[in-house]
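Listed here are the chains, written in short residue letters.
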Amino acid sequence: MSWKLGTLSILGKSHIENGVENQDKCLVFEYRGCAVILVSDGAGSSQYGAAGASAIIIKIKSKLEKIPKKRFKNIIKNSDFFYEAVKEAVLDVREEILNGKYYPKNHKFSRFLNIFRKIDTIEKTHELRDYSGTLIAAVVSKTGMWSCHIGDGYLVGGNFSENNIFSQEVISLPENGEYENQTYFFTDDNWEKNIKQTSIDERIDFVIAMTDGADPFLISSDRKTLDNAIAEKLYNLLTKNQELTVSTILSKLFTQDRVHSVSTDDTTISLALRKLRP
C-alpha cells in the first residue's frame, strides 16, 4: 500500500436537532497504486439528497475500476478515460433515479397504509431534483493528479518540505450559482456544463477534499488556500503517530463539539497522504 487514507464525517448540528441523516457521503481508497477520493454533499433541500450522494460515489468507484490498468500509469495523458468514467456514472445514476431505483424501500408499505386509512395517494414521480448532490472526484498517481468537481466544497493537493512546511500545488475551488446560497449538482439539466476538471502533471503527496461544512476551519480567510497551520499540524500528527489511522487522527483533531462551534452543516473530510519512503 502506497497511501495512508481516511475520512471524517460529522452530522450537522441542525440535522441532529431535526432528526435528519448525514447528507454527506464519501469514499477514499487505493487502486492501481493511486489514491482515489470521492465526495458528494447531498442537497439539504432535496428529499433524498443522501441517497443521491451515496449512489453517485458508488457508481463512480465501479466505473473507475473498469478502466484498464495501463491507463493509471499516466493519468494526465489518459485523463479522458477518467472523465468518461465519471460522465458514464452520472448518466447512469440520473437514469436510475428516474426509474425509481433509489426510491426508499418502504414507500410501498407507506402507500398501503394510506390506502387502508382512506388517504388519497398519488404514485411518486421520480425527479432528479429530489436526489441532488455536489461531486468531487480525484485520482492521484505517482506522477500527477486529475480531478473533476461539480458545485461547492474544496479539493486541495500539495507537498511538504523537509522542514514539514506545506506548499499548496493545486486547488479546485467551489462553484456557486448566481446567489451565495446556491450551487451546482450532478442532477442539474446542464450538469456537464458545470463540471470542472483540474490536473497537475507533477507528484502530489497530500490531498484533502471536503464538503462546505469544513470550510470555516480548514480554508484560509482568502477562500483560496488550505490553512497552512492546519495542514502542517495534520502532517505532523500523521507522520509521528504511525500506529493511528488517518480517520482516528481526524476525529481527535476535529471533534464534534469543535466542528459544531463553527458550522451547523454536515461536515466531511477525506484525506490521502503518500507513505514516506523508508
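Presented here is a report on the structure given in the accompanying data block. This structure is a prediction, so every number in the text was calculated from the model and none was measured.

The rules behind these values
- Residues numbered from 1 in each chain as written.
- Predicted model: local features only at pLDDT ≥ 70, side-chain atom pairs only at ≥ 80, totals over all residues.
- Heavy atoms only, no water.
- Salt bridge = Lys/Arg side-chain N within 4 Å of Asp/Glu carboxyl O.
- Buried < 20%, exposed > 50% of the residue type's maximum accessible area, 1.4 Å probe, protein only.
- Pairing = 2+ DSSP bridges.
- Helix = DSSP H or I, 4+ residues; strand = E, 2+ residues; numbered from the N terminus.
- Axes fitted to C-alpha atoms, helices over the stretch in contact; angles between N-to-C directions.
- Contact = heavy atoms within 4.5 Å.

The next point concerns the pattern of salt bridges. Using the criterion set out here, one finds 12 salt bridges in the structure. Notably, a salt bridge pairs Glu96 with Lys101, separated by 3.7 Å at the nearest N-O pair. For Glu96, a relative accessible area of 16% gives the class buried.

Now for the sheet that holds strand 2 (residues 24-31). Through backbone hydrogen bonds, the strands of a sheet pair up, either in parallel or in antiparallel fashion. One open sheet accounts for five strands, arranged 2-3-4-5-8; its pairing is antiparallel. The sheet is open, and its two edges are formed by strand 2 and strand 8 (196-200), each paired on a single side. Taking each pair of neighbouring strands and ignoring which way they run, the sheet shows an average axis angle of 10°. In the packing of helix 3 (residues 79-98) onto the sheet, the strands contacted are strand 4 (135-140), strand 5 (145-150) and strand 8, and the crossing angle to strand 5 comes to about 30°.

What follows deals with the sheet that holds strand 10 (residues 267-274). One open sheet holds the five strands; their spatial order is 1-10-9-6-7, and the pairing between them is antiparallel. The open sheet terminates on both sides in strands that have one partner only, identified here as strand 1 (3-10) and strand 7 (166-172). When the angles between neighbouring strand axes are averaged without regard to direction, this sheet yields 15°. By the bridge criterion, five bridges tie strand 9 (residues 206-210) to strand 10 in an arrangement that is antiparallel. Note that in strand 10 the partner of Ala209 across the bridge is Ser270. Set on the sheet, helix 6 (residues 228-240) makes contact with strand 1, strand 6 (154-160), strand 7, strand 9 and strand 10; between it and strand 10 the angle comes to about 60°. Strands in contact with helix 7 (residues 246-253) are strand 1 and strand 10; relative to strand 1, the strand with the most contacts, it is inclined by about 40°.

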